[in-house]
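Read off the chains here:
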Amino acid sequence: MTELRLAFMGSPDFSVPTLDALVDAGHEIACVYSQPPRPAGRGKTLRKTAVHSHAEARGLTVRTPASLKSADAQAAFAALDLHAAVVIAYGLILPQPILDAPRHGCINLHASRLPRWRGAAPIQRAIMAGDEMTGVDAMVMEAGLDTGPIIARETARIFPFDTAGDLHDRLATLAAQLSPTALQGYIDGSLPPMAQPENGVTYAHKVTADDQPIDWSQPAEVVDGQIRGLSPFPGALCHWHGTGGVDPIKLKALGSRLAEPDNAQITSAQPGTCLDDALLVACGTGSVRITRLQRPGKAPMDATMFLNGTPVPAGTILT
């Protein structure tokens, strides 16, 4: 394998295995780019990104510009004299001068099978949409949002109980496995880029607070996908009204599964009604069993442990 001089551009923990894979493959990482440290926690102390901390631990040079739009930032990047840049979940827009600076351009690892789920939240949106398959694509970056030609792909199944956290970890491993071979194949010409299909384009819009409230009147498949797709963060939200005049308590539902067929036929109960004492909840059609949840200020816990301390009897209505 030819040793290449690279920049690595990434920020969250999803990116870390790919950085390790490129270093371990023998490539020279001239510089790591990551988003700037930001205030975090109750003390609002500045916290480095996962990539920033990991790169420093490996003795790599790190830059954290707030933007790459300035002439100085672009000149500093061009001065690295790169064969290519590898980008994965970086979080900043790359202007055209940045895309053009490396001899072979910028290669992006994206967590979907393009052109499905271009954009910021492909893992969450794939689960929320009920997709059965996803993957990681390596593409040559263009100015458009995830529109570049595909070099190579790894495919992954989405299992019925997968949360976004589960799928995140598997796809991070796939991206790391794919990156050295995709990069080498692109550079030596054995993996020529192929244009994305014009049909089947969807956009994975960023997850916001508007995605969190559970609408129990939706079909069970939709509610189940929402709960798993927003777990572990930010979590799908509902309220439990308790007993004895207790004020509504906000609950994060962090795990679920579709009810067995016999229970799924129950349609007479009001959506949001608990159908048994173990958090089987009626939906617009069918029902969903909540398997993991969290109260404010408490750690997430399995439903069995939660119910041991906080019974939620049949007939309770979650809103």
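Structure: see above.
Residues numbered from 1 in each chain as written. Predicted model: local features only at pLDDT ≥ 70, side-chain atom pairs only at ≥ 80, totals over all residues. Heavy atoms only, no water.

Within the element layout of this structure, Asp-131 appears in the loop between helix H5 (122-128) and strand E9 (133-140). Within polar-contact distance, the side chain of Asp-131 engages the side chain of Arg-116 at 2.8 Å. Ignoring any residue separated from it by four or fewer positions in sequence, one finds Asp-131 in contact with Arg-116, Trp-117, Ala-126 and Ile-158. (Helix = DSSP H or I, 4+ residues; strand = E, 2+ residues; numbered from the N terminus. Polar contact = N/O pair within 3.5 Å; in protein donor to acceptor, adjacent residues only side chain to side chain. Contact = heavy atoms within 4.5 Å.)

Once that is clear, we can look at the packing of helix H1 (residues 16-24) against helix H6 (residues 164-188). Two numbers describe how H1 lies on H6: the axes approach to 8 Å, and their chain directions differ by 35°. For the pair H1 and H6, the sense of crossing is right-handed. Of the residues in H6, those in contact with Pro-17, Thr-18, Ala-21 and Leu-22 of H1 are Ala-172, Ala-175, Ala-176, Ser-179, Pro-180 and Leu-183. Broken down by class, the residue content of the contact of H1 with H6 amounts to 8 nonpolar, 2 polar and no charged. (Axes fitted to C-alpha atoms, helices over the stretch in contact; angles between N-to-C directions. Left-handed = near helix turned anticlockwise from the far one by under 90°. Nonpolar A, V, L, I, M, F, W, Y, C, P; charged D, E, K, R; others polar.)

A contiguous nonpolar surface patch, about 260 Å² in accessible area, is contributed by Leu-145, Val-201 and Tyr-203. In this fold, Tyr-203 is placed in strand E11 (residues 203-204). Its relative accessible area of 40% is what places Tyr-203 among the partly exposed residues. (Patch = residues over 30% accessible without salt bridge, like charges linked within 9 Å, V, L, I, M, F, W, Y side chains within 5 Å. Areas by Shrake-Rupley, 256 points an atom, 1.4 Å probe, with all protein chains shown as cover. Salt bridge = Lys/Arg side-chain N within 4 Å of Asp/Glu carboxyl O. Buried < 20%, exposed > 50% of the residue type's maximum accessible area, 1.4 Å probe, protein only.)

Scanning the model with the defined rule gives 1 aromatic pair in all. Judged by centre distance (5.5 Å) and plane angle (75°), the rings of Tyr-33 and Phe-77 are edge-to-face. You can see Tyr-33 sitting in strand E2 (residues 28-33) and its partner Phe-77 sitting in helix H3 (residues 71-78), a full 44 residues away along the chain. (Phe/Tyr/Trp six-rings, centres within 6.5 Å; stacked < 30°, edge-to-face > 60°.)

Time to look at the pairing of strand E13 (residues 249-258). Bridge count for strand E12 (residues 236-240) against E13 is 5 bridges, and the pairing is antiparallel. If you follow Trp-240 over to E13, its bridge partner there is Ile-249. The pairing of E13 with strand E15 (residues 287-294) spans 6 bridges and is classified as antiparallel. Counterpart to Leu-258 in the pairing with E15 is Val-288. (Pairing = 2+ DSSP bridges.)

Let us look at the pattern of salt bridges. Under the defined criterion, the tally for this structure stands at 12 salt bridges. Across the salt bridge formed by Arg-103 and Asp-81, the nearest N and O atoms sit 3.4 Å from each other. Residue Arg-103 is found in the loop between helix H4 (96-100) and strand E7 (106-110), and its partner Asp-81 is found in the loop between H3 and strand E6 (84-88); the two are separated by 22 residues along the sequence. The class for Arg-103 is exposed, based on a relative accessible area of 51%. For Asp-81, a relative accessible area of 46% gives the class partly exposed. In this structure, Asp-276 and Arg-289 form a salt bridge, with 3.0 Å as the shortest nitrogen-oxygen distance. With Asp-276 in the loop between helix H8 (261-264) and strand E14 (280-282) and Arg-289 in strand E15, this residue pair connects regions lying 13 residues apart in the sequence. A single salt-bridge network, built from bridges that share partners, covers Asp-20, Asp-24 and Arg-58.

Structural measurements only, silent on function.
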